[in-house]
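Results of the structural survey
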Amino acid sequence: MKKTVHEFTTKIPEWKPYVAPLDLSQATPEQLEALKVTPSNTKVSDYVLVLAHDVETLQHRTPLFNGIMYNRGGLSRAEREIGAVAASIVNRCVYCAAVHASRYNQLTKSETVVDALFADGMDAQIEPRLKAIFNFAFKLSQCPSEANDKDMQALVDAGLSKEEILDLILSSSLFGWANRLMHTLGEPLSD
Amino acid sequence: MLQLEDVIAKITGIDRGSALAEAVNGRADIMSLTQQTYVAALHPTDPGGLSYVERAAFACRISVLNSDREFEAHFHNLIGDNDASGARIADIGFVGGHDVRLSALIRHVDLVAQNPKNATEGDIKRLQAAGVSDADIVRLSELVAFVSYQIRVAAGLRLMRDLA
């Protein structure tokens, strides 16, 4: 019997939707196009099949997501993941946090930062640059945003360029979006 | 009618030629996709069961919950004057009155905008019980999620703009 996962983890859970995913046999040509379904590629996750109910936003989602997380230049991939993790902690999206914390660990080959962030959030004892990054993203993810000029100045003082700061704003904001879908439309399950 | 200009650029008023404008131009693809998603969320070709007025009004509520006066004014303008119900839905003191469907939609918009961490399966069941289809639940969620993203991007850019 699988159980809902409530605690943050780097072990990626399954995701079970609360609403019915799109039935591919009922899909419109626009939905099939947005899902990139072809006779040789019929594997689509339940999450994407849920989002396919709103095909007009879905068609921009993949290029936007890939651009924000993997574009060349600007903030490092690992530091963009910290923006994603910060938002996911604020919004308690256990699934998104697991995916992006584990990606950070893979990229940096270390688990100490994620362990500290999961345990202590903004009080985590981590290097100053990562702390400035995490704290800015954590405060920007509140509703309303609590990020202020001092938090912005801390990013500059930690050595981030304008291009890097922009990428951090984008990755943490993007997860304000993703968390509001993943955490509210379904739940993470594990053995 | 929907403005074709980039909403975030208009709201943040970044000076052309500034170092910040240069950084933003370096991510022109992202800003363009963001604007295209804005159109898809606020004014889709097929709005399903959520009217354009309701979408603009929910976005206005979300702006108020985020204490963002500029987005509030923007979405208020988008509601237009043709339909008095829009301004009423945008008022965060209004929770839907006797309209079961509207009450359920407003409750969910406020929850997901402010406290997504508290959302559970029971909140989706409430929408379904009020007669909201699964497709409209996804449309509503995308609207709240996208506007929450857009407001944060603008909030971050304003802080960058105001750097000494």
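Residues numbered from 1 in each chain as written. Chains lettered and ligands numbered in written order. Predicted model: local features only at pLDDT ≥ 70, side-chain atom pairs only at ≥ 80, totals over all residues. Heavy atoms only, no water.

1. Some points on the overall build of chain A
What counts, and what does not: Here a strand is any run of E in DSSP of at least two residues, a helix any run of H or I of at least four, and the numbering for each starts at the N terminus. Using C-alpha atoms as the atom set, the radius of gyration is obtained and then compared with a globule rule of 2.2 Å times the number of residues to the power 0.38. Throughout this description, buried means an accessible area under 20% of the type-specific maximum (1.4 Å probe, protein chains only), exposed means over 50%, and partly exposed covers the range between. For accessible areas, the Shrake-Rupley method is used with a probe of radius 1.4 Å. Any residue's cover is judged against the shown protein chains and nothing else. His is not counted, nor are the chain ends; Lys and Arg add positive charge and Asp and Glu add negative charge. In plain terms, the charge of a residue is placed at NZ if it is Lys, CZ if Arg, CG if Asp and CD if Glu.
What chain A contains, in helices and strands, is nine helices and three strands. Across chain A, helices and strands are ordered from the amino to the carboxyl terminus as β-β-α-α-α-α-α-α-α-α-α-β. Here the C-alpha atoms of chain A give a radius of gyration of 18 Å, agreeing with the 16 Å that 2.2 N^0.38 yields for 191 residues. The principal-axis extent of the C-alpha atoms belonging to chain A is close to 55 × 40 × 35 Å. For chain A, buried positions account for 59% of its 191 residues. Counting only carbon and sulfur atoms, one obtains 51% of the accessible surface of chain A, whose full area is about 8,500 Å². One finds the centroid of the 19 positive side-chain charges in chain A at a distance of 3 Å from the centroid of its 24 negative side-chain charges.

2. Focus on the interface of chain B and chain A
Rules: A contact between two residues is defined here by any heavy atoms of the two lying within 4.5 Å. Here the quantity called buried area is the accessible surface, traced with a 1.4 Å probe, that two parts lose on coming together, added over both. Salt-bridge detection follows one rule: a side-chain nitrogen of Lys or Arg within 4 Å of a carboxyl oxygen of Asp or Glu. As used in this structure description, the phrase polar contact means that two N or O atoms lie within 3.5 Å; if the pair is within protein, one of them must be able to donate a hydrogen and the other to accept it, and residues adjacent in sequence are counted only when both atoms belong to side chains.
Taken together, the 49 residues of chain B in the interface contact 50 residues of chain A. Across the interface of chain B and chain A, roughly 4,400 Å² is buried in total on both sides, 68% from carbon and sulfur atoms. The largest per-residue losses of area from chain B upon contact with chain A belong to Arg27, Glu142 and Arg152 of chain B, which jointly make up 17% of the total buried on that side. At the junction of chain B and chain A, the tally comes to one salt bridge. Inspection of the chain B/chain A interface yields 15 residue pairs in polar contact (both at pLDDT 80 or more). Elements supplying a minimum of two residues to the side of chain B that touches chain A: helix H2 (19-25), helix H3 (28-42), helix H7 (100-114), helix H8 (121-129) and helix H9 (134-161) of chain B. The dominant element in the side of chain B that touches chain A, judged by the number of residues it contributes, is H9 of chain B, at 19 residues.

3. Concerning the domain arrangement of chain A
When the parts of a complex come together, some accessible area is lost, and that lost area is often taken as the interface size. Residue and element names in this part refer to chain A. Condition: Note that the domain bounds reflect an automated or database-derived domain assignment.
Along its sequence, chain A is organised into domain 1 (3-69) and domain 2 (73-185). Using only C-alpha atoms to locate each centre, domain 1 and domain 2 end up separated by 24 Å. Buried area between domain 1 and domain 2, both sides added, is near 2,200 Å², and the carbon and sulfur share of it is 75%. Joining domain 1 to domain 2, the criterion identifies one salt bridge. Residue Arg92 is joined to Glu7 by a salt bridge in which the shortest nitrogen-to-oxygen separation is 3.8 Å. Summed over the shared surface of domain 1 and domain 2, the result is four residue pairs in polar contact (both at pLDDT 80 or more). Every element with two or more residues in the side of domain 1 that touches domain 2 is listed here: strand S2 (14-17), helix H2 (46-51) and helix H3 (55-70). With five residues, the single largest contributor to the side of domain 1 that touches domain 2 is H3.

4. Comments concerning helix H8 (residues 149-157) of chain A
The line we're drawing: Picture the helix axis, draw a direction to every C-beta atom, and the arc is the one those directions span.
Within H8 of chain A, the full set of buried residues consists of Asp151, Met152 and Leu155 of chain A. Along the axis of H8 of chain A, the buried positions cluster into a sector of 100°, meaning they face one direction only. Seen from the open side of H8 of chain A, the exposed residues pointing more than 90 degrees away from its buried face are Asp149, Lys150 and Asp157 of chain A. Looking at the buried side of H8 of chain A, the elements it contacts are helix H7 (128-140) and helix H9 (162-182) of chain A together with H9 of chain B.

5. Topic: unusual backbone geometry
In this chain, Cys143 of chain A is followed by Pro144 of chain A through a cis amide linkage whose omega measures -10°. In this structure, Pro144 of chain A sits in the loop between H7 and H8. For Arg92 of chain A, which is not glycine, the phi torsion reads 55° and is therefore positive. One non-glycine residue with positive phi stands out, namely Ser67 of chain B, at about 50°. Note that Ser67 of chain B resides in the loop between helix H4 (52-65) and helix H5 (69-79).

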